[in-house]
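Breakdown of the fold
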Amino acid sequence: MKFFGQFPNCRPRRLRSSPALRRLVSETQLNPAQLVLPLFVRPGKKIRRAIGAMPGVFQLSPDELLREAERVHTLGVPAILLFGIPDKKDEKAGGAFAKNGIVQQAVRLLKKELPSLLVITDVCLCEYMSHGHCGIVSGGKILNDPTLKILAQTALSHAEAGADMVAPSDMMDGRVGAIRAALDKNGFSETPMMSYAAKFASAFYGPFREAAESAPQFGDRRSYQMDAGNSNEALREAALDLQEGADIVMVKPALAYLDLVWRVKQTFGCPVAVYAVSAEHAMIKAAAARGWIDERAVTLESLLAMRRAGAEIIITYAAADAVTWLKG
Ligand code: PBG
């Protein structure tokens, strides 16, 4: 882009002089239709368990999940991203792909009672593993290829329950292809996939691990999630996922990684999602509770920055508040 203008004939302030003029030249808008709200479901009845570091976020039993989903959908939230917290964990993530697992039950209930709500399921094993890792563990290592089968089985069980889209977040190599093949083979070739393509080993996931009860019991996730300093590698990850059949690629976390949202969008031109993760939410909530920042203004400005960087889809714990603010 070349620009040869000069003061005084050029005065950028001319187009900022009234609200109508500012709206006329606005380049980016937030669209409620592109916001996704993460929700957590656990077995039981009438459970609404608050998460310490995530004000406004709860572990919900299926009945309460339905109430919450109805409430936010009525407000204008078009889609949810569902995480399950099972009663029992083991070393094979049996609860992740059980026909009557907590996510499978919840999806059937939501799709029956609220068919117009888009239900996206997070496909991962850490919540279902006694050791809290996202794959099969042997000899202190997280094994890649044996994990693929379980991930594929899990994604398939979500599709069979009626999920509108599956979202693998485990960061094993080849999982997008394995899931795509399992879906296609079983009649779900039309079920889209949003892959967590560039998911970083991030301290910003801290509060989530309390919500999902998924903290690793030994070591960390650095052998599968990405190093915070790497950006070319994020492009390789996105390229691989797209080749394996991902329909939407995600960058996660959001604010600290917007350069990658931009690069992925510029490089591939594919639909891009970004996940404003638990600590991003917690930081805004904590500062707002002290009266140090304006929660509404800071939240909407952050979400707008994610759109400007190139993401269409924004996964955010503030989705219900944002749609309400955008309407008002
Ligand atoms: C599970 C998963 C995590 C998040 C989404 N899916 C946590 C992790 O990788 O430890 C984080 C979301 C958040 O912090 O809001 N694999």
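Below: a short report on this structure. (Residues numbered from 1 in each chain as written. Predicted model: local features only at pLDDT ≥ 70, side-chain atom pairs only at ≥ 80, totals over all residues. Heavy atoms only, no water.)

Considering the site of the ligand
Under the convention used in this document: When at least one non-hydrogen atom of a residue lies within 4 Å of a molecule or strand, that residue is treated as near it. By the criterion applied in these results, polar contacts are pairs of N or O atoms within 3.5 Å in which, for protein atoms, one can donate a hydrogen and the other can accept it, and in which residues neighboring in sequence qualify only through two side-chain atoms. Cavity: a set of points on a 1 Å grid over the protein atoms alone where a 1.4 Å probe fits but cannot get out. Pocket: an open set with protein on both sides within 12 Å along at least five of seven lines, its lining residues, like those of a cavity, having an atom within 4 Å of a point. Cavities and pockets are treated as containing a molecule whenever more than half of the molecule's atoms lie within 2 Å of their grid points. Nonpolar residues are Ala, Val, Leu, Ile, Met, Phe, Trp, Tyr, Cys and Pro. Charged residues are Asp, Glu, Lys and Arg, and all others, Gly as well, are polar.
The environment of the ligand is formed by 18 residues, the closest being Arg209, Gln225, Lys252, Ser278 and Tyr317. Lysine 199 has a polar side-chain atom sitting 2.9 Å from an oxygen atom of the ligand. Contact between the ligand and glutamine 225: an oxygen atom at 2.8 Å from a side-chain N or O atom of the residue. When atoms are counted within 2 Å of each cavity's grid points, the one that captures over half of the ligand is the largest cavity. Its residues placed into classes, the shell around the ligand shows 10 nonpolar, three polar and five charged.

Section: helix 6 (residues 175-185)
Cut-off, in case you're wondering: Throughout, exposure labels follow a simple rule: accessible area from a 1.4 Å probe, protein chains only, divided by the maximum for the residue type, with under 20% read as buried, over 50% as exposed, and the rest as partly exposed. To qualify as a helix, a DSSP run of H or I must reach at least 4 residues; to qualify as a strand, a run of E must reach at least 2; elements of each kind are numbered from the N terminus. An arc is given here, and it is the one of the directions from the helix axis to the C-beta atoms. In what follows, residue pairs with any heavy atoms lying within 4.5 Å of each other are defined as contacts.
Along helix 6, the residues that are buried comprise Arg175, Val176, Ile179, Arg180, Ala182 and Leu183. Projected down its long axis, helix 6 carries its buried residues within an arc of 165°, all on one side. Contacts made by the buried residues of helix 6 are with strand 5 (118-123), helix 5 (145-161), strand 8 (165-168), strand 9 (194-199) and helix 8 (232-244). Two residues or fewer after helix 6 comes glycine 187, characterised by a positive phi angle close to 85°.

A closer look at a positive patch on the surface
The line we're drawing: Grouping into patches uses exposed residues only, defined as over 30% relative accessible area, and leaves out salt-bridged ones; the cut-off is 9 Å for like charges and 5 Å for nonpolar side chains (Val, Leu, Ile, Met, Phe, Trp, Tyr). Surface accessibility follows the Shrake-Rupley procedure with a 1.4 Å probe radius. Residue values consider only the protein chains on display as shielding. Only one rule defines a salt bridge in this text: a Lys or Arg side-chain nitrogen within 4 Å of an Asp or Glu carboxyl oxygen. Note on charges: Lys and Arg go in the positive column, Asp and Glu in the negative column, and His and the chain ends are not counted at all. Each charge is placed at NZ for Lys, CZ for Arg, CG for Asp and CD for Glu.
A contiguous patch of positive charge, built from Arg11, Arg13, Arg14 and Arg16, is present on the exposed surface. Mapped onto the secondary structure, arginine 16 falls in the segment before helix 1 (19-24).

A few points about the packing of helix 9 (residues 258-268) against helix 11 (residues 295-309)
Put simply, the test is: Angular values range over 0 to 180 degrees, each being the angle between N-to-C directions of two axes fitted as lines to C-alpha atoms, with helices fitted over their stretch in contact. Oblique is the label for any angle not under 35 degrees, not over 145, and not in the 65 to 115 range, which are roughly parallel, roughly antiparallel and roughly perpendicular in turn.
At a minimum axis separation of 8 Å, helix 9 and helix 11 run at an interaxial angle of 30°. As the angle between them shows, helix 9 and helix 11 are arranged roughly parallel. From helix 9, Leu258, Val261 and Trp262 reach across to helix 11, where they touch Ala305, Met306, Arg308 and Ala309. Along the lines of polarity and charge, the residues of the contact of helix 9 with helix 11 split into six nonpolar, no polar and one charged.

Concerning the side chain of threonine 147
Mapping threonine 147 onto the fold places it in helix 5. According to the relative accessible area criterion, threonine 147 is buried, its value standing at 0%. Not counting residues within four places of it along the chain, the set of residues in contact with threonine 147 comprises Leu125, Cys134, Gly135, Ile136 and Met172.

Describing the state of the cysteines
Definition in use: Whenever a pair of cysteine sulfur atoms sits within 2.5 Å, that pair is classed as a disulfide.
Summed over all chains, the structure comprises zero disulfides. Here cysteine 134 stays unpaired: no disulfide links it, and the sulfur of cysteine 124, its closest cysteine neighbor, is 3.6 Å away.

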